[in-house]
Amino acid sequence: MTNLLLIAAVSTPSMALRYAAAFFLVVVGIGLIYALVHLGGALGSAEKLLTDVDTEVVPLLQQATETLDGVNTELDKVGVVMSSVVDVTEKVDQTTRIVESAITVPAKKAAAFGAGVSQAVSSFFNRGSDASAPLDNDEPSSAAAWSSPAGYAPGAAAPEASGAATSSDPATPPSAGAPATGSGDAPADASAPETEEVSGG
Amino acid sequence: MKFWGTLVFGSALAGASVAYYVRERSQATGQSYLDVVLQLPSDARRGYGEARRRARLAIDDGLRAARARERQVEQLLVVAAPRDDDPAV
C-alpha cells in the first residue's frame, strides 16, 4: 500500500509529464512525417526533372556541338574565300594601276601632240605680216591669212617688227609698208631683186 | 618610159604653175610678164625665208601649246584620281 501511494505520489506529475512528452513526440513525429513526405515528393520531382534534363539536354548539346563544328568548317571556308578575294582585289588594283599608267601617259602625250600640232599649223597659216609678235597659246592670231605667192605682199609691219629674227634673213622684203596689190608696189618689187642679190651676195 | 612620162608630166605641171603664177602676179601688180619672170628668184627666196620664219615661230608656238596641254591633262588626272581619304573609296 505504501508502495502504491508512493508510486501514486511520485507518478502523478511524472505520468502527466510523460503523457505530455509522449503527445509532444507524437505531434513532432506527425509533423516530421508530413515534412518528409513533402520532401520526398519534392525530391521525386527534382529527380524527374533531372532525368528529363539528362534525356533532353544531352542530345541538344550534341546537336549544338555538331552545328558549331559545321559553322567552324564553313567559317574556315569563308576565310579561305576571303583570302582569295583579297588576293584578287590586290591583283585587280595592280592591274588597274598598270593599265592606268599605260593609258594615261600615251593619252597625255597624244593630247599634247595634238594641241601642239594644231597650234603650230594654226600659227603657221594664221600668222600674218606681224608674225614677229608671239602668239598666245589660247588665242590663235586672227591676222591676215597666208596668201598665195601671187598675192604675197611684204606687209605693213613684218619687216620692222620681225627684228633680229628676220634681220639676217635674206628674204626680208625691202618694200615695207607697200600695199599688197595695185601698181603702187611695182617699183618696190622691181627693186627687190637687186636688193636681194646684194644682201644675199 | 615611166621615168620620161613622169618627167614630162612634172615639167608640164611645173610650167603650168609658173605660168599661172606669172599671170596672177602680173594682173595683181601691173607688171609685165618678163618683169614677173625676172622677179621669180627673189620671190622664191623671199617666200622660202618667210616660210622658214613662220615655221620656226609655229614650232615654238606648238611646243608651248603642247607643254600647256600636257600640264592641263596632268592636272585633270590629278583632280580625277581618287584620294585615300575619300569616304566613297
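Residues numbered from 1 in each chain as written. Chains lettered and ligands numbered in written order. Predicted model: local features only at pLDDT ≥ 70, side-chain atom pairs only at ≥ 80, totals over all residues. Heavy atoms only, no water.

Counting its regular elements, chain B contains 3 helices and 0 strands. Shown N-terminal to C-terminal, the secondary structure of chain B runs as helices and strands in the order α-α-α. A total of 89 residues make up chain B; the buried ones form 26% of that total. Summed over all atoms, the accessible surface of chain B reaches about 6,200 Å², with 65% contributed by carbon and sulfur. (Helix = DSSP H or I, 4+ residues; strand = E, 2+ residues; numbered from the N terminus. Buried < 20%, exposed > 50% of the residue type's maximum accessible area, 1.4 Å probe, protein only. Areas by Shrake-Rupley, 256 points an atom, 1.4 Å probe, with all protein chains shown as cover.)

Here we come to the overall build of chain A. Check the secondary structure of chain A and you find 4 helices and 0 strands. What you see in chain A, going N to C, is helices and strands ordered as α-α-α-α. Here chain A holds 201 residues, and the buried ones make up 17% of them. Sequence separation of at least 24 residues holds for 23% of the intrachain contacts in chain A that already meet a minimum separation of 6. Just so you have it, chain A exposes about 13,900 Å², and 69% of that area is on carbon and sulfur atoms. (Contact = heavy atoms within 4.5 Å.)

All names here are of chain B. Averaged over every residue, the pLDDT of chain B is 89; residues scoring 70 or more account for 93%. Per-element mean pLDDT across chain B ranges from 90 in helix α2 (residues 33–38) up to 93 in helix α1 (residues 2–29). The ipTM value of the predicted complex is 0.71, and its pTM value is 0.44. (pLDDT = per-residue confidence, 0-100.)

Further remarks concern the pattern of salt bridges. Per the stated rule, a full pass over the model turns up 8 salt bridges over all chains. A salt bridge links D93(A) to R97(A); its shortest N-O distance comes to 3.0 Å. Pair noted here: D93(A) and R97(A) are both in helix α1 (residues 2–126), with a separation of 4 residues, about one helical turn. The class for D93(A) is partly exposed, based on a relative accessible area of 37%. In this structure, the salt-bridge partner of E24(B) is R23(B), at a minimum N-O distance of 3.2 Å. Each of E50(B), R53(B) and R54(B) takes part in one network of salt bridges that share partners. (Salt bridge = Lys/Arg side-chain N within 4 Å of Asp/Glu carboxyl O.)

The next subject is α1(B). An α-helix turns once every 3.6 residues. As a result, residues three or four positions apart point the same way. Taking 1.5 Å of rise per residue, 28 residues should cover 40 Å, and α1(B) covers 40 Å from first to last C-alpha, within 8% of that figure. Looking one or two residues beyond α1(B), the residue adopting positive phi is G30(B), at roughly 80 degrees. (Expected span 1.5 Å × (residues − 1).)

For the structure on display, the rule yields 2 aromatic pairs over all chains. On the basis of an interplanar angle of 85 degrees and a centroid distance of 5.1 Å, the ring pair of F124(A) and F125(A) is categorised as edge-to-face. Its relative accessible area of 44% is what places F125(A) among the partly exposed residues. Where F3(B) meets W4(B), the ring centres are 5.3 Å apart and the plane angle is 70 degrees; that geometry is what we call edge-to-face. (Phe/Tyr/Trp six-rings, centres within 6.5 Å; stacked < 30°, edge-to-face > 60°.)

To continue, consider the packing of α1(B) against helix α3 (residues 40–80) of chain B. Residues and elements named next belong to chain B. For the pair α1 and α3, interaxial distance at closest approach is 13 Å and the crossing angle is 95 degrees. Taken as axis vectors, α1 and α3 run roughly perpendicular relative to one another. Residues V18, Y21, V22 and R25 of α1 form the contact with α3, whose own contacting residues are L40, D43 and R46. Partitioned by chemical class, the residues of the contact of α1 with α3 number 4 nonpolar, no polar and 3 charged. (Axes fitted to C-alpha atoms, helices over the stretch in contact; angles between N-to-C directions. Parallel < 35°, antiparallel > 145°, perpendicular 65-115°, else oblique. Nonpolar A, V, L, I, M, F, W, Y, C, P; charged D, E, K, R; others polar.)

Together, F24(A), L25(A), V28(A), L32(A), L36(A), L39(A) and L43(A) give the surface a local cluster of nonpolar side chains, amounting to about 710 Å² of exposed area. The topology assignment puts L39(A) in helix α1. (Patch = residues over 30% accessible without salt bridge, like charges linked within 9 Å, V, L, I, M, F, W, Y side chains within 5 Å.)

Turning next to the side chain of D61(B). Looking at the element boundaries, D61(B) is found in helix α3. For D61(B), the side chain forms a polar contact with the side chain of S123(A), separated by 2.7 Å. (Polar contact = N/O pair within 3.5 Å; in protein donor to acceptor, adjacent residues only side chain to side chain.)

Quick look at the side chain of E50(B) now. Considering the arrangement of structural elements, one finds E50(B) in helix α3. Side-chain polar atoms of E50(B) contact the side chain of R53(B), separated by 2.3 Å.

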